[in-house]
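Tertiary structure, described
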Amino acid sequence: MQRRQFLQGLALGSAGLMLPVLQRSWISRSEAATDRAMVVVMLRGAVDGLSVLVPYGDDVYEESRPTIAIPAPGMPGGVTDLDGYFGLHPALAKLLPLWSAGKLAFVPASGSPDGTRSHFDAQDYLESGTPGVKNTRDGWLNRLLAEVRQQNPIQAVSISSTTPRILAGAQSIASVAPGKRATRKLALDRAFVAESFAELYAGRGKIGAIYQEGRQAREAIMAGLNQEMQKADNGATSVAGLAGDARRLGQLMQRDRRVQLGFMQVGGWDTHINQGAAKGQLANKLRLLSSGLVALSDALGSRFNQTVIVVMSEFGRTVKENGNRGTDHGRGNVMWVLGGGVKGKKIYGKWPGLDRSTLEAGRDVPVVTDFRDVLQPILTQHWGLSDVQLARVLPDYGSKNSISGLLK
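A quick note: this is a predicted structure, and the numbers were derived from the prediction, not measured.

What follows deals with the overall build of the chain. Counting secondary structure elements, the chain contains 12 helices and 14 strands. The proportion of buried residues among the 408 residues of the chain is 57%. Surface exposure of the chain reaches about 16800 Å², of which carbon and sulfur atoms provide 50%.

In this section: the packing of aromatic side chains. The final tally for this structure, using the stated rule, is 4 aromatic pairs. Taken together, Y85, F86 and W351 form an aromatic cluster joined through their ring pairs.

Attention shifts here to the nonpolar core. Within the largest apolar cluster, 46 residues are counted, with the highest numbers of intra-cluster contacts made by L95, F106, L286, I309 and W336. Take this core: its biggest share by element is 8 residues, from helix 10 (residues 281-300). What F106 contacts, discounting residues up to four positions off in sequence, is V52, L53, L82, L88, W99, V334, M335, W336, K346, I347 and Y348. Within the second largest apolar cluster, 38 residues are counted, among which are V107, L126, L141 and F371.

With that settled, the discussion passes to the sheet that holds strand 4 (residues 53-54). Taken in spatial order, the 3 strands of this open sheet run 4-6-5, and their pairing is antiparallel. Both outer strands of the open sheet, strand 4 and strand 5 (80-81), are each paired with one neighbouring strand and no more. Across 2 bridges, the pairing between strand 4 and strand 6 (residues 87-88) is antiparallel. Opposite L53, over in strand 6, you have L88 as the bridge partner.

Side chains on a regular strand alternate between the two faces of the sheet. Burial analysis of strand 7 (residues 104-111) places 8 of its 8 residues in the buried class, the great majority of the element. Here 5 bridges tie strand 7 to strand 12 (residues 333-339), and the two strands are oriented antiparallel to one another. Note that in strand 12 the partner of F106 across the bridge is W336. Two elements, strand 7 and strand 13 (residues 346-347), share 2 bridges in a ladder whose sense is parallel. Residue pairing across strands places A105 opposite K346, the latter belonging to strand 13.

Within the secondary structure, Y348 sits in the loop between strand 13 and strand 14 (369-370). Residue Y348 is classed as buried on the basis of its relative accessible area of 4%. Residues Y348 and I403, 55 residues apart in the sequence, show an inter-C-alpha distance of 7.3 Å. Residues within four places of Y348 in sequence aside, it is in contact with A105, F106, V107, P108, K343, I403, S404, G405 and L406.

On to the side chain of T307, then. Inspection of the secondary structure puts T307 in strand 11 (residues 307-313). Looking at T307, its side chain comes within polar contact range of the main-chain oxygen of R303, at 2.7 Å. With residues up to four places along the chain from it excluded, the contact list for T307 reads A37, M38, V39, L300, L338, G339, G340 and H382.

Residues with a pLDDT of 70 or more make up 77% of the chain, whose mean pLDDT is 85. Between residues 1-32, whose pLDDT stays under 50, and residues either more than four places distant or in other chains, the model counts 107 contacts. With pLDDT under 50 throughout, residues 228-240 is counted as low confidence; its partners more than four residues away or in other chains account for 9 contacts.

Moving on, we come to helix 5 (residues 119-128). Burial runs high along helix 5: 8 of the 10 residues are buried. Listing the buried residues of helix 5 in full gives D121, A122, Q123, D124, Y125, L126, E127 and S128. The inward-facing, buried residues of helix 5 contact strand 3 (37-43), helix 6 (140-147), strand 10 (261-266), strand 11 and helix 11 (371-382). Immediately downstream of helix 5, the backbone of G129 shows phi near 80°, a positive value.

A few words now on the packing of helix 9 (residues 241-255) against helix 10. Direction vectors running N to C along helix 9 and helix 10 enclose 15°, while the axes themselves pass 7 Å from each other. In this view, helix 9 runs roughly parallel relative to helix 10, as classed from their interaxial angle. Both helix 9 and helix 10 take part in a crossing whose hand is right-handed. In this structure, helix 9 uses L242, A243, A246, R247, L249, G250, Q251, M253 and Q254 to contact helix 10, whose residues at the interface are L288, L289, S291, G292, A295, L296, A299 and L300.

A few words on the side chain of H329. Assignment of secondary structure puts H329 in the loop between strand 11 and strand 12. By relative accessible area, which is 16% here, H329 ends up buried. Polar side-chain contacts of H329 include one of 3.1 Å to the side chain of H272. Those residues within four positions of H329 in sequence are excluded, and the remaining contacts are R117, H119, D270, H272, F315, G316, R317, T318, R363 and D364.

As a further point, take the pattern of salt bridges. This model, assessed by the stated rule, comprises 14 salt bridges. One salt bridge connects D256 with R258, and the closest N-O pair in it is separated by 2.8 Å. Residue classification places D256 among the buried residues on the basis of a relative accessible area of 16%.

The next subject is helix 11. Over its 12 residues, helix 11 runs 16 Å from end to end, which matches the ideal 16 Å to within 8%, given 1.5 Å per residue. Among the 12 residues in helix 11, 11 count as buried, and that is most of the element. Those residues of helix 11 that sit buried are F371, R372, D373, V374, L375, Q376, P377, I378, L379, T380 and H382. Immediately downstream of helix 11, the backbone of G384 shows phi near 70°, a positive value.

Across the two faces of strand 8 (residues 156-159) the burial is the same, with A156 and S158 and V157 and I159 all buried. Summarising the sheet, strand 8 and strand 10 pair through 4 bridges and their orientation is parallel. If you follow A156 over to strand 10, its bridge partner there is L261. Pairing geometry for strand 8 and strand 9 (residues 173-176), over 3 bridges, is parallel. When the bridges of strand 9 are listed, I159 appears paired with V176.

What counts, and where the lines are drawn
Residues numbered from 1 in each chain as written. Predicted model: local features only at pLDDT ≥ 70, side-chain atom pairs only at ≥ 80, totals over all residues. Heavy atoms only, no water. Helix = DSSP H or I, 4+ residues; strand = E, 2+ residues; numbered from the N terminus. Buried < 20%, exposed > 50% of the residue type's maximum accessible area, 1.4 Å probe, protein only. Areas by Shrake-Rupley, 256 points an atom, 1.4 Å probe, with all protein chains shown as cover. Phe/Tyr/Trp six-rings, centres within 6.5 Å; stacked < 30°, edge-to-face > 60°. Core = buried A, V, L, I, M, F, W, Y, C linked by side-chain atoms within 4.5 Å. Contact = heavy atoms within 4.5 Å. Pairing = 2+ DSSP bridges. Polar contact = N/O pair within 3.5 Å; in protein donor to acceptor, adjacent residues only side chain to side chain. pLDDT = per-residue confidence, 0-100. Axes fitted to C-alpha atoms, helices over the stretch in contact; angles between N-to-C directions. Parallel < 35°, antiparallel > 145°, perpendicular 65-115°, else oblique. Left-handed = near helix turned anticlockwise from the far one by under 90°. Salt bridge = Lys/Arg side-chain N within 4 Å of Asp/Glu carboxyl O. Expected span 1.5 Å × (residues − 1).

Next up, the structure:
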């Protein structure tokens, strides 16, 4: 094998038209006109929405969950009251300032209109934006990137080791490996390797352009991450795990306005056994999630005012707890919407209640609000998409029941 062939194989390999940006991260093939930005946080595993936004005002809630119900406000470990009926899990207390400032809202009984309780299928539909359609090739965030006219290879950044379904598609996206792997050196960071590849791809048309996009994306992101490390070395606290990744993404978006779309994913929400109540495994995860969202909001700085953060999960969990002091796969969940332009401190959508007669199959919170009803105002008001553009991002969505008044 000749040297040129070896280098080409090393760079492109089975990944097709993809180039490494960071350790275990890639830029996939496929330019920002405004400061508007959006971050989607996916909670994989189906978080128990009834423990996030707790309908403590419904007597059925406590009756259905004898060991895992979150106590009412004023009780030890009780929820923080939001509106006299719903309360926030005490582990999410760090989010209360955002709620009080009117920058956090919730949409209960929301989710996919497709009734699958398969994690894989439900996540796929949520990320493709086409519930019930399995052959959709790209994700709705990648289609949004096409509509806002991609201008640079770091316009969308995913904190993940591989390209997530929601960002798969024709437009270029950059991925940053989670945790400490984000700043690990690659072979391409060595000068002689970089020079060899630059020589190899010079004047090679489309492939050469892809390589240059990858190099530009890595240089831009590494510059931002190195600034963060220098700041930490000067005494700033380094937060591990989710909060660290969230802060890193927020700082990248604050420093480089070319980054307009962000994606993060957090697993471990499938609580069939020993879910816990005010304390326990779910509470511990919610506390980390709360810290992560606050870290992201703080790191965005003034750009938080132009950013919408959406938190969603593939489906909810059963109203009744099971025999293992956990909950099983359900239907309706709760979507969280944060940002400076959000008309927060409000619960949006319709709430059917927990009476058995209103539950789906007599056991689950029904999906009253299609998740696309929440995305519609964000895509049209925040991003300014026309009806034609909206139909390209969310095909087969009629926008008949979109959430009104969600944004300022």
